[in-house]
Amino acid sequence: MRLVKQLVAVAVVAFVGSQAAAAVDGNALLTLLAGMATAVLAPIVYAWVVRRTEHREPAEIARKGAGAAVARGMLIGFAMFAAVIVNIAFLGDYRVDGFGSVAGAVGLFGFMAAAAVTEELLFRGVLFRIVEGRIGTWAALALTGLLFGLSHLTNAHATLWGALAIAVEAGGMLAAAYAATRNLWVPIGLHFAWNFAESGIFGTEVSGNGSNKGLLDGAMSGPSLITGGEFGPEASLYSVGAGVAVMVAFMWLARRRGHVLPARRRGAGAAGSAAARPAETATLSR
C-alpha cells in the first residue's frame, strides 16, 4: 500500500499543477509561477508521504547538496541534447530560421520544471525505488523504463517507436542516474535540462506534444530515424544512442559504488533498499 499511497500523493500534486498550467495557458509569467509552485510542492509532499508510510527520513530528496546535484544533472542533460541537435544539424536536418519567443521560453521553463520533478518522483522516487527492492536493480530499470515510455503513448503525435525510444533513452537512463547516485536531484536536473533544451532553447517538439516556441525558431526535416519525425528528436537514433551511452556510464558507476541490488532475497525486506544509504548520500556531496 505504500507504493499506492505515495503514487497518489504525488499524482495529486501533478494533476493540480497541470490543471493550473492549463488554466493560465498563454500567459508566460503565470505558467512559470504555476510550474515552479508545482516543482517546489511536489518534493515536500513526497517527503511527507514517505515519512508517513516508511517511517524514515527520505534521504533521496534531502535538501543538503540538492543544488549541486541538480546542477550536475542539468549539465549532463544540456550536453546530451546539444550533442544530439548538433549531429542532426550536421546532416542538414535541423535549421534555425531566426529567433523564437522569450515569453514562450519563460513559460516552458516552469512547465518543464514541473514535469521533470513530478515525473521523477513518480517513476524513479516511487516506482523504481520500491520495485527495485523486490526484483533487483536491472529488472526494475527495464520494467519502469518500459512503463515510462508507454506513458507517452497518449501524447498527440505519439508513435510506438517514440515510446520505445523514450523507454530506453529516458526511462532506463534516468533510473540508472538514480541507481548510481541514490539521489533524485540528479535525474530531476537531467530530465529538466533535456526537455528545456529541446523545447525552450532549440524550439523542437517534445515527446509528440507539438512544436514549441522557444528561444530559437527551429525546424526539422529529413528521415524520421534521424529527426524523430512528428514525435520530435527523442525518437531520433541519435537520442537513443546518447541515452544508452549515459545509461551505461551511470550503471557502471552504480556497480562500482555497490549500488546495484540483486533480486529480492529471502528474509530481506524492501525497506532497506528503498532508503538511500548514508554512504550513498555522502558520495553525492563530493
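In what follows, the accompanying structure is described. Per chain, the residues get numbers from 1 upward, laid out in the order the sequence is written. Only residues with pLDDT of at least 70 are given local features in this predicted model, and only at 80 or more are side-chain atom pairs given and counted; all residues enter the totals for whole chains, interfaces and linings. The side-chain figures draw on all heavy atoms in the structure; neither hydrogens nor water molecules are used.

Right, let's get into the overall build of the protein. Looking only at helices and strands, the protein has eleven helices and two strands in total. Strands here are runs of E lasting at least two residues and helices are runs of H or I lasting at least four, both read from the DSSP assignment and numbered beginning at the N terminus. The N-to-C order of helical and strand elements in the protein reads α-α-α-β-α-α-α-α-β-α-α-α-α. Relative to a compact globule of 286 residues, whose C-alpha radius of gyration would be 19 Å, the protein shows 18 Å and is just as compact. Dimensions of the protein, computed from C-alpha atoms along their principal axes, come out at roughly 60 × 35 × 35 Å. Here a residue-residue contact requires only that any non-hydrogen atoms of the pair lie within 4.5 Å. Partitioning the contacts of the protein with sequence separation of at least 6, the portion at a separation of at least 24 is 78%. As presented, the protein carries roughly 12700 Å² of accessible surface, and 68% of it is formed by carbon and sulfur atoms. Here Asp and Glu are counted as negative and Lys and Arg as positive; His is not counted, and neither are the chain ends. A charged residue contributes its charge at one atom only: NZ of Lys, CZ of Arg, CG of Asp or CD of Glu. Separation between the mean location of the 22 positive side-chain charges and that of the 16 negative ones in the protein comes to 18 Å. Both definitions apply: the radius of gyration is a C-alpha atom measure, and the globule rule equals 2.2 Å times residues to the power 0.38. With residues, only the protein chains shown are counted as cover, and all accessible areas are computed by Shrake-Rupley using a 1.4 Å probe.

To continue, consider the pattern of salt bridges. The term salt bridge refers to a pairing of a side-chain nitrogen on Lys or Arg with a carboxyl oxygen on Asp or Glu at a separation within 4 Å. Per the stated rule, a full pass over the model turns up nine salt bridges. A salt bridge links Arg129 to Glu54; the nearest nitrogen and oxygen atoms lie 3.0 Å apart. Placement of the pair is Arg129 in helix 4 (residues 102–135) and Glu54 in helix 2 (residues 28–54), with a sequence separation of 75 residues. With a 1.4 Å probe rolled over the protein chains alone, any residue whose accessible area is under 20% of its type maximum counts as buried; one over 50% counts as exposed, and the rest are partly exposed. We classify Arg129 as buried; its relative accessible area is 0%. Residue Glu60 is joined to Arg129 by a salt bridge in which the shortest nitrogen-to-oxygen separation is 3.5 Å.

This paragraph deals with the nonpolar core. Definition of nonpolar core: a set of buried residues of the types Ala, Val, Leu, Ile, Met, Phe, Trp, Tyr and Cys, connected through side-chain atoms within 4.5 Å. Counting residues in each nonpolar core, the largest one holds 65 residues, and the members touching the most others are Tyr46, Ile61, Leu121 and Phe250. Only helix 1 (2–23), helix 2, helix 3 (66–90), helix 4, helix 5 (137–150), helix 6 (160–181), helix 7 (185–201) and helix 9 (237–256) provide two or more residues apiece to this core. It is helix 4 that contributes the most residues to this core, 13 residues altogether. The residues touching Phe250, leaving out its near neighbours within four places in the chain, are Ile76, Met173, Ala176, Ala177, Ala180, Val186 and Leu190.

Take the packing of aromatic side chains next. In this scheme Phe, Tyr and Trp rings, the latter by its six-membered ring, pair at centre separations within 6.5 Å, and the angle between planes marks the pair as stacked below 30 degrees, edge-to-face above 60, and tilted otherwise. Counted according to the given criterion, the structure contains eight aromatic pairs. Centroid distance Phe81 to Trp194: 5.1 Å. Interplanar angle 85 degrees. Geometry classified as edge-to-face. Placement of Phe81 in helix 3 and of Trp194 in helix 7 is noted, with a sequence separation of 113 residues between them. On the accessibility criterion, Trp194 (7% relative accessible area) is buried. Between Tyr94 and Phe202 the ring centres are 6.3 Å apart and the planes differ by 75 degrees, which places this aromatic pair in the edge-to-face class. A residue pair is termed long-range when its members are at least 10 positions apart, and Tyr94 in strand 1 (residues 94–99) and Phe202 in the loop between helix 7 and strand 2 (216–220) qualify at 108 residues. Under the relative-accessibility criterion, Tyr94 is labelled buried at 9%.

Our next topic: helix 1. Taking 1.5 Å of rise per residue, 22 residues should cover 32 Å, and helix 1 covers 32 Å from first to last C-alpha, within 8% of that figure. Of all the positions in helix 1, only Gln6, Ala9, Val10, Val13, Gly17 and Ala21 are classed as buried. Each buried residue of helix 1 sits inside an arc of 110 degrees when the element is viewed along its axis, so together they form one side. In helix 1, the exposed residues that point more than 90 degrees away from the buried face are Phe15, Val16, Ala22 and Ala23. The span you would expect from a helix comes to 1.5 Å times its residue count less one. Relevant arc is that of directions from the helix axis to the C-beta atoms, nothing else.

Interaxial angles span 0 to 180 degrees and are taken between N-to-C directions of axes, which are lines fitted to C-alpha atoms, for helices over the stretch in contact. The contact between helix 2 and helix 4 brings their axes to 6 Å, and the two run at 15 degrees. When the axes of helix 2 and helix 4 are compared, the pair comes out roughly parallel. In the crossing of helix 2 with helix 4, the sense of the turn from one axis to the other is left-handed. Taken together, the residues of the contact of helix 2 with helix 4 break down into 18 nonpolar, seven polar and two charged. Roughly parallel here means an angle under 35 degrees, roughly antiparallel means over 145, roughly perpendicular means 65 to 115, and every remaining angle is called oblique. Note on convention: the crossing is left-handed when the near helix lies turned anticlockwise from the far helix by less than a right angle, right-handed when the turn is clockwise. Gly is put with the polar residues, along with every residue not named as nonpolar or charged; the nonpolar set is Ala, Val, Leu, Ile, Met, Phe, Trp, Tyr, Cys and Pro, and the charged set is Asp, Glu, Lys and Arg.

Tracing the backbone through its elements, the reader meets Met36 in helix 2. Met36 sits in the partly exposed class, given a relative accessible area of 31%. Through-space distance from the C-alpha of Met36 to that of Met112 is 9.2 Å; in sequence the pair is 76 residues apart. When neighbours within four sequence positions are excluded, Met36 is seen to be in contact with Phe109, Gly110 and Ala113.

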